Structures are given as structure tokens and as C-alpha cells.
Amino acid sequence: MTYQVLARRLRPQRFADVVGQDHVTRTLQAAIAAGRVAHAFLFTGPRGVGKTTTARLLAKALNCERGPTPEPCNACSNCKEIGEGSAFDVLEIDGASHTQVDKMRDLMETVAHLPLKSRFKVFIIDEVHMLSSHSFNALLKTLEEPPPHVKFIFATTEPHKVLATVVSRCQRYDLRRIGLGELRAHLRRTVDAERLALSDEALALVAREAEGSLRDAQSLLEQVLTVAGGGADDAAVRQVLGAADRRLVVAVADAILAGDPGACVRHLAELHAHGYDAQRFCRDLLEHFRHLAVLAATGERALMAELPEAEVDALAAQAGRRSADDLQRFFRLLLEADEALAAPARSVDPKLVLEMCAVRLATLPPLLPLDDILRRLEAFGAGNPAASGGAVRESAPRARGAAPGGGLWDRFLARVQEEKLVAPYMMLLSGTLLAADGEALRIGIENEAARRELSRKETLQRLRAIASEVAGRELRVEVGPLPSEHAAQAPLAQARRRTEETLADPMVQAAVEIFGAEVRGVRDRRR
């Protein structure tokens, strides 16, 4: 006997057996029971969710010898022939093979013929979007006013390619992707009926890889059973499917949240050693951080009901370690990496792209909440360094190793600023206090032009008067070159150090991130 794969052997024979499309099957059954069956139907949806199966069930329900009935009996000759694909009055046509207008015209000529045996002549056109515009036009008149014994059922994965004039003549039903929980439950029933031993984690992996398609899930399960057998463990299932271990996804995410780039690179090296696809793993990380962002923003575990309980526990533990804004930022950066990996002209090793993305995520400091940023900026504007969380740094540099003169130097600079000596004040800010003894205030200036300007007689007299006033005693001001031992305190080094400190401040990073997001938003709106 010829072997049949699971997807064909387990094809639903009743509306009640269709998985995840209750909104469609209930409506069709109600229409049949009320005697309000349309002459044309359009079933749309992703691959493998039951479009053609539902079309065949509708044909059986309409032509059942006990009907029309909301549920075919599967015992009469009509039901059996339609189920086997041998019914003369149910024509199943592939749209891709009828793109020529002549074939469509020949088909429409048969519409006038009465059914040989059944109640209705049913035309099922699969992938109807493949028809040419001329073929659609040849179909229009018959579709608008068909004979009473004719029913049309169209199925397509791309409804936007179907002419609007065709769609308007049909009742449209959108079949949805099947949820992860529904797929897992169906696979569990299948495995139990086949008397096989697969763990819930293995079935969850198969369901996840199917991406909402029941046919894909059954095909993947068939592949697992063929290669690994009915008692395959979780590792064997992952190996057959070529999917990354979820524990590896959790481990990389954990290293990112912990700020450990070294652990990220080690885990990704393990990923590469096992031969996993970098882009596929990047999308696994995208899904993982999506779950983390949702949990951090809502705190509702019920939104993760389709995931295994152990995975939800791990997600909940990780979601509390960063803010929702941080997790959304991680998701956005991973999305950029995924786009780079998917680029057709990509010439860089995907492993390098994924590694550098993970290292970047692991080294990003946490963002501050917007309310905290505003509070600190207000404190900065009010001149309150303590309330601003240390974001306001002293503008006047202190002399390193000259603690006795530090206060005098600060008061001196402040007094120069109060006297509105703008040019000398800016030059003094670039200088370094070398000494503040009982007779003189010695200042080192690296820039020669600034030294000459400060050494002018009139400027020195003003500075001497200010220094004496601040110190409470007669005090000279001496300006000279900066000694080599004070090179670390040179203006360039100080400016570089202050820049690094400023950029490392979480508040500044948060403000830059917010500004960047606004700029990207404006750019996207302009596009």
C-alpha cells in the first residue's frame, strides 16, 4: 500500500476537525443551515492553514446525499468521491496552469452543463491570484450571474493580486495563522493517536518552526519521525529541524542584559560551531526581546499563554532587569542587524554582524526614564548640582595636587567672571593652577597667544587686584608656560577627559537616544 504523509492522511473530513478557523467554519455551517449559500467564495490566508481543505468540506456539505448539511456525513458516495478527489462534479483547478484566456473560456463553457450526479457543480480554483487579467475578465460575467447549479470557490495566499471586480462578486473569508498553543495541542493529539513519544518541548519547537501553518507543522513532524524515530529526544528534534537551542537564546539574552560582551561572543561561537544560521538566530533573539519588552511594559504573563511555562518564567525573570525603553531599544537594534543580514548585496560574514550586534547591545548603558531626565535638566537649569544627580560638573578646573589653593582658585575664577572679563576668564579656564603660596598665584597656560594676552600689563593689574581682594592680602599673579609634569592637565587632555565623562553620563546618553529617535521619526515621516 502506498504510504501517505501525515498532512494528507490527517486532512480534516469534517468542519469540526478544522484547526483554528472556527470563525470561518461556523459562518459556513450557519449559511448552509439557513439555506443562504452564496454562489462564489474567496478563501484567503497564509499557506497551510486550511483554505483548500475548507473548500473541499464546503463542496462535500453542499453535495452530501443527506444535505445540504452543515456537517458532511462522509458515508455517502458523493462525500467519499469528493474526499478522494474523484468526483466528476467537483473540479479542482490550479490557477497557475490556467493563466491562458483560452483555457478559462473552455472552462466557462462547461458551466452550463448540469452536474452528472451531485446537487451542485463546484469549481475550486486554487491560487486564483495566478490567473492573468484576461482570464479574470473571461470569468467575470459567469461569476456575476452563474447558473443555479454552479458554485465557485477560490483560494489564494495573495488576495491583493485578485482583481477587485472578482473580489466584489465573492463572499470573502480570511483564514488566520494558527496560534502556537493550538498547534501544540493539535500536534499532541496527533502524536498520542500515532502512539509516539515526544516531549512537550519538542512539540513546541516543531510548532514554533511551523510559523502558524498546520501543514508545515505536520510536515516537520513527519521529518522528525522519519529521521529520529518516535522516541526522539529534544536534542535530536533540534538537530533535525536545524533550530537553535532555546537555552542558547536565553543565555545570549542573559549576557546582553548582564552587560557581558565576552559571554555573548562565547555563546555565539558555540552557535556557529553547531552550524546554526545567524539570521535565523537573530530572529529568535528578536522574538525573545519582543516578549521581554511586552512583559516589562505590561507585566501580564497571560499575554505569553502560548509559550511553555518554563520559558515564561525565564522571560519574567529577565524582563525585570531592564526598563521597557531599554528592551525596545534592544529590539530596534536587533531589527537593524536582521535587515543587514537579509540584505541581498551583503558581503560580510553573517557571524561577524551578529557578534558585533550582541557586543553593542551588551555594552549599551541603561537609559534613564524621561521623567528623571526632565527633573535633572530642570535641576541643572536651576543651578542645583545635588538635585541633578551629579550631572552638573564644575566648570572651573582645580589644580591637581594643590588642595590648599583649590578654594582660592575657584573663588578667583568666579570673581573674574563676575567682573565680566570674558576673554581673560576663558583663557584662565584653559589654564592650570601651579601654585598658590603666600606671595603669588602661579598659573600655567599651554597656549602661547593666551599667555601673551594674560601677561599684558593692564590685564595683570586687573587680575592682581582681583586675586588680592579674594585672598584678603597682597597677591601677585604670574602667568607662565605649562611644565611637562602637568601635561595631563593640559587643556586638550582636560577637554578630552571632560568630553568622555559627559558622554558616559546616563542622562546625556538618554537625551541623545531620544533625540536620535525623534530624528528618525521625522525622516520616516518625510519618506
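Residues numbered from 1 in each chain as written. Predicted model: local features only at pLDDT ≥ 70, side-chain atom pairs only at ≥ 80, totals over all residues. Heavy atoms only, no water.

Asks: Honestly, the packing of helix α5 (residues 101-109) against helix α6 (residues 133-144) in this entry has me stumped. Any pointers?
Replies: Working note: a packed helix pair is described by the angle between its axes plus the distance between those axes. Contact geometry of α5 with α6 gives a least axis separation of 8 Å together with a crossing angle of 20°. Classed by the angle they form, the pair α5 and α6 counts as roughly parallel. The way α5 lies across α6 gives a crossing that is right-handed. Packed against α5, whose contacting residues are V101, M104, R105 and M108, the element α6 presents H134, S135, A138, L139 and T142 at the interface. Looking at the contact of α5 with α6 residue by residue, the classes come out as 5 nonpolar, 3 polar and 1 charged. (Axes fitted to C-alpha atoms, helices over the stretch in contact; angles between N-to-C directions. Helix = DSSP H or I, 4+ residues; strand = E, 2+ residues; numbered from the N terminus. Parallel < 35°, antiparallel > 145°, perpendicular 65-115°, else oblique. Left-handed = near helix turned anticlockwise from the far one by under 90°. Contact = heavy atoms within 4.5 Å. Nonpolar A, V, L, I, M, F, W, Y, C, P; charged D, E, K, R; others polar.)

Asks: Is there a simple way to explain the sheet that holds strand β4 (residues 150-156) in this structure?
Replies: Hydrogen bonding along the main chain pairs the strands of a sheet, whether they run parallel or antiparallel. Strand order in this open sheet of 5 strands is β2-β3-β4-β1-β5, and the pairing throughout is parallel. This sheet does not close on itself; its edge strands, each paired only once, are β2 (90-94) and β5 (171-174). In this sheet, neighbouring strand axes are inclined to one another by 15° on average, regardless of whether the strands run parallel or antiparallel. The pairing of strand β1 (residues 40-44) with β4 spans 5 bridges and is classified as parallel. Bridge pairing in β4 places T44 opposite T156. Contacting β1 and β5, helix α2 (residues 22-34) crosses the sheet at an angle of about 150° to β5. (Pairing = 2+ DSSP bridges.)

Asks: Explain α2 to me, please; I cannot follow it from the model alone.
Replies: Since the α-helix packs 3.6 residues into each turn, any two residues three or four apart lie on the same face. When the terminal C-alpha atoms of α2 are compared, their 18 Å separation across 13 residues agrees well with the 18 Å that a helix rising 1.5 Å per residue should span. Every buried residue of α2 is listed here: V24, T25, L28, Q29, A31 and I32. All buried residues of α2 fall inside an arc of 160° around its axis, so they share one side. Facing away from the buried side of α2, by more than 90 degrees, are the exposed residues R26, A33 and A34. (Expected span 1.5 Å × (residues − 1). Buried < 20%, exposed > 50% of the residue type's maximum accessible area, 1.4 Å probe, protein only. Arc of directions from axis to C-beta.)

Asks: Is there a simple way to think about the pattern of salt bridges in this case?
Replies: Should their charged atoms come close, side chains of opposite charge can pair. Counted by the stated rule, this structure contains 24 salt bridges. The salt bridge involving E355 is made with K351; its shortest N-O contact spans 2.8 Å. Of the two residues, E355 and K351 are both situated in helix α17 (residues 350-363); the distance of 4 residues between them amounts to about one turn of the helix. Judged by relative accessible area, which is 12%, E355 ranks as buried. With relative accessibility at 24%, the residue K351 sits in the partly exposed group. (Salt bridge = Lys/Arg side-chain N within 4 Å of Asp/Glu carboxyl O.)

Asks: How should the sheet that holds strand β8 (residues 476-481) be read in this particular structure?
Replies: Across the sheet, 3 strands lie side by side as β6-β7-β8; this open sheet has mixed pairing. Of all strands in the sheet, those with a lone pairing partner are β6 (432-436) and β8, marking the two edges. Mean inter-strand twist for the sheet, computed between neighbouring axes without regard to direction, equals 25°. Two elements, strand β7 (residues 440-445) and β8, share 6 bridges in a ladder whose sense is parallel. Looking across to β8, one finds that I445 is bridged to P481. Sitting on the sheet, helix α22 (residues 457-471) is in contact with β7 and β8, with an inclination near 125° to β8.

Asks: I keep staring at the nonpolar core and nothing clicks. Help me out?
Replies: Inside soluble globular proteins, nonpolar side chains tend to come together where they are buried. Grouped together as the largest cluster of nonpolar side chains are 62 residues, with contacts concentrated most on V237, F281, F289, F330, L334 and L361. A total of 10 residues in this core trace back to one element, the largest contributor, which is helix α14 (residues 278-298). In terms of nonpolar packing, the next biggest core, distinct from the first, is built from 24 residues, F43, A87, F120 and V122 among them. (Core = buried A, V, L, I, M, F, W, Y, C linked by side-chain atoms within 4.5 Å.)

Asks: Where do I start with the packing of helix α9 (residues 200-210) against helix α11 (residues 234-241) in this structure?
Replies: Taken N-terminus to C-terminus, the directions of α9 and α11 make an angle of 15°; their axes are 9 Å apart at the nearest point. Compared by their axis directions, α9 and α11 come out roughly parallel. Our pair here, α9 against α11, has a crossing hand that is right-handed. Residues E201, A202, L205, V206 and E209 of α9 form the contact with α11, whose own contacting residues are D234, V237, R238 and L241. When its residues are assigned to classes, the contact of α9 with α11 shows 5 nonpolar, no polar and 4 charged.

Asks: I tried to follow the pairing of β1 on my own but got confused; where do I start?
Replies: With respect to burial, β1 is a largely interior element, 5 of its 5 residues being buried. Neither face of β1 is open: one carries A40, L42 and T44, the other F41 and F43, and all of them are buried.

Asks: What is the right way to read the packing of aromatic side chains from this model?
Replies: Under the definition given, this model contains 7 aromatic pairs. Consider the rings of F41 and F43, whose centres lie 6.4 Å apart with planes at 40°: the pair is tilted. The exposure class of F43 is buried, given its relative accessible area of 0%. Seen from their ring centres, F43 and Y173 are 5.8 Å apart, and the 65° between their planes marks the pair as edge-to-face. With F43 in strand β1 and Y173 in strand β5, this residue pair connects regions lying 130 residues apart in the sequence. Owing to a relative accessible area of 11%, Y173 belongs among the buried residues under this scheme. Within the aromatic cluster, the residues linked to one another by ring pairs are F41, F43 and Y173. (Phe/Tyr/Trp six-rings, centres within 6.5 Å; stacked < 30°, edge-to-face > 60°.)

Asks: Help me understand unusual backbone geometry in this model?
Replies: Negative phi values dominate among residues other than glycine, just as trans dominates among peptide bonds. Despite not being glycine, N74 shows a phi value in the positive range, around 60°. If you trace the backbone, N74 turns up in the loop between α3 (51-63) and α4 (77-84). Of note in this structure, E127 is not a glycine but carries a positive phi near 50°. Of note, E127 is situated in the loop between β3 (121-126) and α6. With relative accessibility at 22%, the residue E127 sits in the partly exposed group.

Asks: What should I look at first to understand the confidence of the model for the protein in this one?
Replies: Low pLDDT means the predicted coordinates in that region are not meant to be read closely. In this model, the protein carries a mean pLDDT of 79, and residues with pLDDT of at least 70 account for 81%. In the model of the protein, helix α23 (residues 491-504) stands out as the element of lowest mean pLDDT, 61, in contrast to β1, which has the highest, 92. Across residues 385-404 the pLDDT falls below 50, and counting only partners more than four positions away or on other chains, this stretch makes 34 contacts in the model. (pLDDT = per-residue confidence, 0-100.)

Asks: Looking at this structure, I do not really get the environment of E65. What am I missing?
Replies: One can find E65 in the loop between α3 and α4. On the basis of relative accessible area, E65 is assigned to the partly exposed category, the value being 48%. A sequence separation of 11 residues divides E65 from C76, and the C-alpha atoms of the two residues are 6.3 Å apart. When sequence neighbours within four positions are dropped, the list of residues in contact with E65 reads C76, S77, N78 and R119. Polar side-chain contacts of E65 include one of 2.7 Å to the side chain of S77. (Polar contact = N/O pair within 3.5 Å; in protein donor to acceptor, adjacent residues only side chain to side chain.)

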